[in-house]
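Inside the fold
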Amino acid sequence: MEKLFIEKYAPKILKDIKGQDAAVRALSGFIKSNSKRSAILYGPTGSGKTSSVYALANELGLELVEVNASDFRNAEGMQSIIGSASKQMSLFSKGKIILVDEVDGLSGTADRGGIPELIRIIDESPFPVICTAVDVFESKFSALRKKSLMIEFSKIDVESIYNLLNDICDKEKISFVEPDIKQLARESGGDIRAAITDLQTISVHKKILKEDILALSQRNKQESIPQALVKVFKSTDLKVALSAFENVDDDLNELRLWIDENLPYEYKNAADLARAYHYVSMADIFNRRIRRWQHWRFLAYINNFLSGGIAVSKDEKYTDFVQYKPTMRILKLWMANQKYAKRKAIAEKIHEKLHSSVKETVKSTVPYLQMIFKNNKEQGSRIAEELGLIDEEVEWLGR
């Protein structure tokens, strides 16, 4: 299976980080100076915060231990994972960096004790701790900010994103014209991860088409279902997943069908898939309750099951690239309805002569006629004439 571009072309050294020169210098200086035991990298989504830490660790030959803060919301969970990692020697006596990703995922009373425990771990850890966040300026993070070197990652400029996309196209032998790639870079809104993901999505046939670029122009107003599915399938962050469908102009029933169609292609682990389908089934149950009782407040539960529930069902993120496809169920239902429509039309011509219901005629008489039309065309022709069947109905009975 084709690898995700964001994994394939992830920066290997700090020099590969585009458009963040000041932040990269500050990060490198933090590791070399040891003036503080922790740093907070903050800035917009897709600005290169996590990638920079990976590139730094690779460049200096350091072991990197990454955890997502939202997965360990209390003191006990924080200590069991991050605390243990901070006390263990690194492999082969190398240095170590502890990366606490998406630390702003800690919120509310459910996370009580998580931030104080993280600060305690920072104080006791012999290794530097680096946290990433989009917004870490709430009052609850004040003690953590005082302990940490604050490093800002700004929104990446269009030119830097264009140069990177251009380089990927050259390496992947994707044909394009310059204005289209520049347009794609502008539409990313400074999110380099989104730009690379969009590039892979629209370059399946190794060619960038202008109409595909234009289809992305409504990013800030409306997202496509595949873009929303990336946030659910490729993330373990509950906050990101719960907001995945906010800008999607499709109802939850359509989203449920998309998820049902693509889940087996995305979640390869049987246990992950079973947990995910549990949430799909729960969404279906609440959907039926809405139809039965008109309790529209249940829509919130359906959204949570299909977004957050699906996202947290996996033990770890899947990195393989999957081309998400629309559901085939609607087409199959349409085909089934068309098939039943012919059967019903034939039954309506029969039931009056037999003095039976249409339902009973469909069930018992139509299958018997099919056997006659298949095995005895002459007798079938006489019956067709008697019943007034049209050529299309005769052909259907003889299949």
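In case you missed it, the structure is sitting above this.
No experiment lies behind these values; they were computed from the predicted model shown.

Conventions adopted
- Residues numbered from 1 in each chain as written.
- Predicted model: local features only at pLDDT ≥ 70, side-chain atom pairs only at ≥ 80, totals over all residues.
- Heavy atoms only, no water.
- Helix = DSSP H or I, 4+ residues; strand = E, 2+ residues; numbered from the N terminus.
- Buried < 20%, exposed > 50% of the residue type's maximum accessible area, 1.4 Å probe, protein only.
- Contact = heavy atoms within 4.5 Å.
- Areas by Shrake-Rupley, 256 points an atom, 1.4 Å probe, with all protein chains shown as cover.
- Pairing = 2+ DSSP bridges.
- Axes fitted to C-alpha atoms, helices over the stretch in contact; angles between N-to-C directions.
- Core = buried A, V, L, I, M, F, W, Y, C linked by side-chain atoms within 4.5 Å.
- Expected span 1.5 Å × (residues − 1).
- Bend = angle between axes of the 7 residues up to and from the residue.
- Salt bridge = Lys/Arg side-chain N within 4 Å of Asp/Glu carboxyl O.
- Patch = residues over 30% accessible without salt bridge, like charges linked within 9 Å, V, L, I, M, F, W, Y side chains within 5 Å.
- Phe/Tyr/Trp six-rings, centres within 6.5 Å; stacked < 30°, edge-to-face > 60°.
- Lys NZ or Arg CZ within 6 Å of the ring centre and 35° of its normal.

As for the overall build of the protein chain
Within the protein chain, the regular secondary structure consists of 19 helices and five strands. Looking at the protein chain as a whole, 44% of its 399 residues are labelled buried. Counted over contacts in the protein chain with a minimum sequence separation of 6, partners at least 24 positions apart contribute 76%. Total accessible area computed for the protein chain in this model is approximately 21300 Å², and 53% of it derives from carbon and sulfur atoms.

With respect to the sheet that holds strand S5 (residues 148–152)
Pairing between the strands of a sheet is mediated by backbone hydrogen bonds and can be parallel or antiparallel. In spatial order, the strands read S2-S3-S4-S1-S5; together these five strands make up an open sheet with parallel pairing. Pairing within the sheet leaves two strands with one partner each, and these edge strands are strand S2 (63–68) and S5. Averaged over all pairs of adjacent strands, the angle between their axes in this sheet comes to 20 degrees, without regard to strand direction. As paired elements, S2 and strand S3 (residues 96–101) share six bridges and run parallel to each other. From the neighbouring strand, Glu66 faces S3, where its bridge partner is Leu99.

Concerning the nonpolar core
Counting residues in hydrophobic clusters, the biggest one holds 29 residues, and the most contacted among them are Phe233, Phe245, Ile259, Leu263 and Ile310. Setting aside anything within four residues of it in sequence, one finds Ile259 in contact with Leu229, Phe233, Phe245, Val280, Leu306 and Ile310.

Topic: the pairing of strand S4 (residues 129–133)
Residues in a regular strand point their side chains to alternate faces of the sheet. Counting buried positions along S4 gives five out of five residues, so the element sits mostly inside the fold. By the bridge criterion, five bridges tie strand S1 (residues 38–42) to S4 in an arrangement that is parallel. In the sheet register, Ile40 faces S4, and the bridge partner there is Cys131. Pairing of S3 with S4 involves three bridges; the strand directions are parallel. Across the sheet, the residue bridging to Ile98 is Val129, located in S4.

Regarding helix H15 (residues 299–311)
For H15, which comprises 13 residues, the first-to-last C-alpha distance of 18 Å matches the rise-based estimate of 18 Å (1.5 Å per residue) to within 8%. The largest bend in H15 amounts to roughly 30 degrees and is located at Phe305. Buried within H15 we find Ile302, Asn303, Phe305, Leu306, Ser307, Gly308, Gly309, Ile310 and Ala311. Where H15 is buried, its residues touch helix H11 (225–233), helix H12 (238–242), helix H13 (252–266) and helix H14 (270–293).

Here's the deal with the pattern of salt bridges
In the structure shown here, the tally under the stated rule is 15 salt bridges. Across the salt bridge formed by Glu117 and Arg120, the nearest N and O atoms sit 2.8 Å from each other. Within this pair, Glu117 and its partner Arg120 are both found in helix H5 (residues 114–124), separated by three residues, close to a single helical turn. Ionic pairing is found between Lys171 and Asp167, a salt bridge with its closest N-O pair at 3.1 Å. Pair noted here: Lys171 and Asp167 are both in helix H7 (residues 158–172), with a separation of four residues, about one helical turn. The exposure class of Asp167 is partly exposed, given its relative accessible area of 31%. Here the residues in one salt-bridge network are Lys8, Glu172 and Lys206, joined through shared partners.

Comments concerning the environment of Pro116
Here Pro116 is to be found in helix H5. With relative accessibility at 54%, the residue Pro116 sits in the exposed group. Between the C-alpha atom of Pro116 and that of Leu144, which follows or precedes it by 28 residues, the distance is 8.2 Å.

What to know about a nonpolar patch on the surface
On the surface, Leu238, Leu242 and Val312 cluster together to form a nonpolar patch covering roughly 200 Å² of accessible area. As for its placement among the helices and strands, Val312 is situated in the loop between H15 and helix H16 (329–354). The exposure class of Val312 is partly exposed, given its relative accessible area of 40%.

Focus: the side chain of Arg256
Tracing the backbone shows Arg256 in helix H13. Assessed through its relative accessible area of 13%, Arg256 is described here as buried. Non-local contacts of Arg256, meaning those with residues more than four positions away in its chain, are made with Val280, Ala283, Asp284, Asn287 and Leu306.

Side note on the packing of aromatic side chains
Scanning the entire structure with this criterion turns up ten aromatic pairs. Relative to Phe298, the ring of Phe286 has its centre 5.2 Å away and its plane inclined at 85 degrees; by these criteria the two rings are edge-to-face. Taken together, the residues Phe286 in helix H14 and Phe298 in the loop between H14 and H15 connect sequence positions twelve residues apart. For Phe286, a relative accessible area of 10% puts it in the buried group. On the basis of relative accessible area, Phe298 is assigned to the buried category, the value being 12%. For Lys182, the ring lying beneath its charged end belongs to Tyr162, and the centroid distance is 5.3 Å. Directly above the ring of Phe286 sits Arg289, whose terminal nitrogen or CZ lies 4.8 Å from the centroid.

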